[in-house]
Amino acid sequence: MTQTIMNVVLFLLLAWFIASRVIPPRGVRMITTTELKKELGKKDVQYVDVRTPAEFRTNHIRGFKNIPLHELPKRANELSKEKEVIVICQSGMRSTKASRLLKKLGFQYVTNVKGGMNAWS
């Protein structure tokens, strides 16, 4: 009986962990790279690439500002909370984390690019 309860608890924890990584953060708009191409160059939109500086130097989209994910808490003040922020990374995982962080910091309009630079062509 105890073993069954432990298995159920472990399963629920694992399911919660996976869901928290896959389900988009509340209040964050998700777009594809195709949709991003239509949005590039818009006025009053802030474009942020949260990859490392080395990744950014290797390949990036013109107009994106490089603020690595680990620096974002300290550098979020470089962004306006009232303007939309479009966030990208390599695969979409770090930008999802960055989107959650920006929402917690009070940013009103946050958009995450699904698939990141891997999906960009």
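Residues numbered from 1 in each chain as written. Predicted model: local features only at pLDDT ≥ 70, side-chain atom pairs only at ≥ 80, totals over all residues. Heavy atoms only, no water.

## Points about helix α5 (residues 93–104)
- Its twelve residues place the ends of α5 17 Å apart at the C-alpha level, agreeing with the 16 Å of an ideal helix rising 1.5 Å per residue.
- The set of residues buried in α5 consists of Ser95, Thr96, Ala98, Ser99 and Leu102. Buried residues of α5, seen end-on, are gathered within an arc of 160° and therefore sit on one face of the element.
- Residues of α5 that are buried make contact with β1 (28–31), α4 (72–75), β4 (84–88) and β5 (110–113). (Helix = DSSP H or I, 4+ residues; strand = E, 2+ residues; numbered from the N terminus. Expected span 1.5 Å × (residues − 1). Buried < 20%, exposed > 50% of the residue type's maximum accessible area, 1.4 Å probe, protein only. Arc of directions from axis to C-beta. Contact = heavy atoms within 4.5 Å.)

## Some thoughts on the pattern of salt bridges
- Applying the stated criterion to the full structure yields nine salt bridges.
- Note that arginine 94 and glutamate 55 form a salt bridge whose closest N and O atoms lie 2.8 Å from each other. In this pair, arginine 94 is assigned in helix α5 and glutamate 55 in helix α3 (residues 53–58), connecting sequence segments 39 residues apart.
- For arginine 94, a relative accessible area of 24% translates into the label partly exposed.
- Residue glutamate 55 is classed as partly exposed on the basis of its relative accessible area, which comes to 23%.
- Glutamate 71 is the salt-bridge partner of arginine 75, the closest N and O atoms lying 2.8 Å from each other.
- With relative accessibility at 22%, the residue arginine 75 sits in the partly exposed group.
- For glutamate 71, a relative accessible area of 23% corresponds to the partly exposed category.
- A single network of salt bridges, built from pairs that share partners, joins Arg29, Glu39, Lys42 and Glu84. (Salt bridge = Lys/Arg side-chain N within 4 Å of Asp/Glu carboxyl O.)

## Concerning the side chain of asparagine 112
- Position of asparagine 112 among the secondary structure elements: in strand β5.
- Take asparagine 112: its relative accessible area is 1%, and that puts it in the buried class.
- Among the polar contacts listed, one links the side chain of asparagine 112 to the side chain of threonine 96, at a separation of 3.0 Å.
- Every residue in contact with asparagine 112, bar those within four places of it in the chain, is listed here: Val28, Arg29, Met30, Ile31, Val87, Gly92, Ser95, Thr96 and Ser99. (Polar contact = N/O pair within 3.5 Å; in protein donor to acceptor, adjacent residues only side chain to side chain.)

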